[in-house]
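# Results of the structural survey
Single-letter residue listing:
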Amino acid sequence: GLLEQMTLPLYFGWFLLSSIQDKIECTAMDFLKTLDTLEAFKKHSSDFTGKPEKEVDLEQYFEAKGVLHCTTKFCDYGNAEGAKDYAQKTAVKEFYGSVFELSLSALFVTPRTVGARVSLTEEQLVLWPADAESVVPAAASLPLGSRAHVTLGCANGVEPVQTGLDLLEILLLQQEGQQGELVEEMELGSLTYYGEGRWLLNLREPICVPACFSSFFG
Ligand code: 2AM
């Protein structure tokens, strides 16, 4: 019945503690502000505008998508495949409400999304669904947890599910041996361009953020 369905959330995930949200949002904004002033970025701004020579203000381009989190399992209130099995996993029940340290290892930007890559530990991977990557058939060969990320913003009309897909796309290019074009050593780390508006900043020092494993009902 309806009541039974309602007991499954929209999604499970790690929710960044509110004290750290502002800091991460500021870091992301600073990155976007720096990125769109780089000559190398301006050269490719048509990836974002569709028009040559037209500049883009990345801070305006993306809109925030609510509370910062790293989705583990999208359940869609029980409609998503494997939702019930996931909710019943021992690890999910055991760690529900626990605080973890997530490691943000890279920031990435595409014409659709901006996000932070999350590098999961072995302990954190027990909460990661086995099929998160393989729903994208080409990405089935990537290591478990490759899709883990925090959505920092989406372009107008883009749904946040796109952020993880954009990350997988960049990781697949890397796996295929595409080095990308090392553009610049920035204060935060090294910036690489993968074509078609795909930018990745590998952080010199990963950012550690406390995050509570929980769920969102909406
Ligand atoms: P995100 O994890 O990239 O931010 C509610 O929509 C949340 O569930 C968002 O955080 C969103 O993306 C995530 N989400 C939505 N649909 C999804 C799907 N099909 N697979 C995985 N995550 C999804």
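Let me sum up the structure you'll find in this document.

What follows is about the site of the ligand. All residues in the neighbourhood of the ligand are listed as Tyr11, His69, Thr71, Phe74, Arg147, His149, Thr151, Pro160, Val161 and Thr163. One nitrogen or oxygen atom from the side chain of histidine 69 is found 2.6 Å from an oxygen atom belonging to the ligand. A distance of 2.6 Å is found between an oxygen atom of the ligand and a side-chain nitrogen or oxygen belonging to histidine 149. When the ligand sits alone it has 470 Å² of accessible area, and the protein chains cover 75% of it. Taken atom by atom, the bulk of the ligand overlaps the largest pocket. Contributions of two or more residues to the shell around the ligand are made by strand 3 (69-74), strand 6 (149-155) and helix 9 (161-175). Ranked by the residues each element gives to the shell around the ligand, the list is headed by strand 3, at 3 residues.

This part is about the nonpolar core. As a rule of thumb, nonpolar side chains are buried together in soluble globular proteins. Within the largest apolar cluster, 53 residues are counted, with the highest numbers of intra-cluster contacts made by Trp14 and Trp199. Examining the composition of this core, we find that 7 residues originate from one element, strand 9 (residues 199-216), more than from any other. Judged by nonpolar contacts, the second largest core, of 12 residues, contains Ala139, Leu167, Leu173 and Tyr194.

The space that makes up the largest pocket amounts to roughly 680 Å³. Contributing to the lining of the largest pocket are 25 residues, with Thr71, Lys73, Phe74, Arg147 and Val161 lying nearest its centre. Elements with a minimum of two residues in the lining of the largest pocket: strand 3, strand 6 and helix 9. When residues of the lining of the largest pocket are assigned to their parent elements, the largest contribution, 5 residues, is made by strand 3.

Glancing now at helix 9. Its 15 residues place the ends of helix 9 22 Å apart at the C-alpha level, agreeing with the 21 Å of an ideal helix rising 1.5 Å per residue. Contacts made by the buried residues of helix 9 are with strand 4 (99-109), strand 5 (113-119), strand 6 and strand 9. After helix 9 finishes, the residue glycine 177 shows a positive phi value of roughly 95°.

As a further point, take unusual backbone geometry. At tyrosine 77, a position not held by glycine, the phi torsion is positive, near 60°. Structurally, the position occupied by tyrosine 77 is in the loop between strand 3 and helix 6 (83-87). Residue tyrosine 77 is classed as partly exposed on the basis of its relative accessible area, which comes to 30%. With a phi close to 50°, glutamate 196 is a non-glycine residue in the positive phi region. Along the polypeptide, glutamate 196 turns up in the loop between strand 8 (189-193) and strand 9. The class for glutamate 196 is exposed, based on a relative accessible area of 57%.

On to the environment of tyrosine 193, then. Summarising the element assignment, tyrosine 193 is placed in strand 8. Judged by relative accessible area, which is 7%, tyrosine 193 ranks as buried. Residues tyrosine 193 and arginine 117, 76 residues apart in the sequence, show an inter-C-alpha distance of 16 Å. Contacts of tyrosine 193, omitting those with residues within four sequence positions, involve His44, Asp47, Gly180, Glu181, Val183, Arg198 and Trp199. In terms of polar contacts, tyrosine 193 uses its side chain to reach the side chain of aspartate 47, at 2.6 Å.

Side-chain pairs of opposite charge can arise whenever the charged atoms involved come near each other. Under the criterion given, the structure shown has 7 salt bridges. Between glutamate 169 and arginine 198 there is a salt bridge, and its shortest N-O distance comes to 2.7 Å. Taken together, the residues span a long stretch of sequence, with glutamate 169 in helix 9 and arginine 198 in the loop between strand 8 and strand 9 at a distance of 29 residues. Arginine 198 sits in the buried class, given a relative accessible area of 8%. Look at the salt bridges and you will find they share partners, linking Arg112, Asp166, Glu169, Glu196 and Arg198 into a network.

Analysis parameters
- Residues numbered from 1 in each chain as written.
- Predicted model: local features only at pLDDT ≥ 70, side-chain atom pairs only at ≥ 80, totals over all residues.
- Heavy atoms only, no water.
- Near = heavy atom within 4 Å.
- Polar contact = N/O pair within 3.5 Å; in protein donor to acceptor, adjacent residues only side chain to side chain.
- Areas by Shrake-Rupley, 256 points an atom, 1.4 Å probe, with all protein chains shown as cover.
- 1 Å grid on protein atoms, 1.4 Å probe; cavity = no way out; pocket = protein on both sides within 12 Å on 5 of 7 lines; lining within 4 Å.
- Sits in = over half its atoms within 2 Å of the grid points.
- Helix = DSSP H or I, 4+ residues; strand = E, 2+ residues; numbered from the N terminus.
- Core = buried A, V, L, I, M, F, W, Y, C linked by side-chain atoms within 4.5 Å.
- Buried < 20%, exposed > 50% of the residue type's maximum accessible area, 1.4 Å probe, protein only.
- Points joined across faces, edges and corners; volume = space filled by probe spheres on them.
- Expected span 1.5 Å × (residues − 1).
- Contact = heavy atoms within 4.5 Å.
- Salt bridge = Lys/Arg side-chain N within 4 Å of Asp/Glu carboxyl O.

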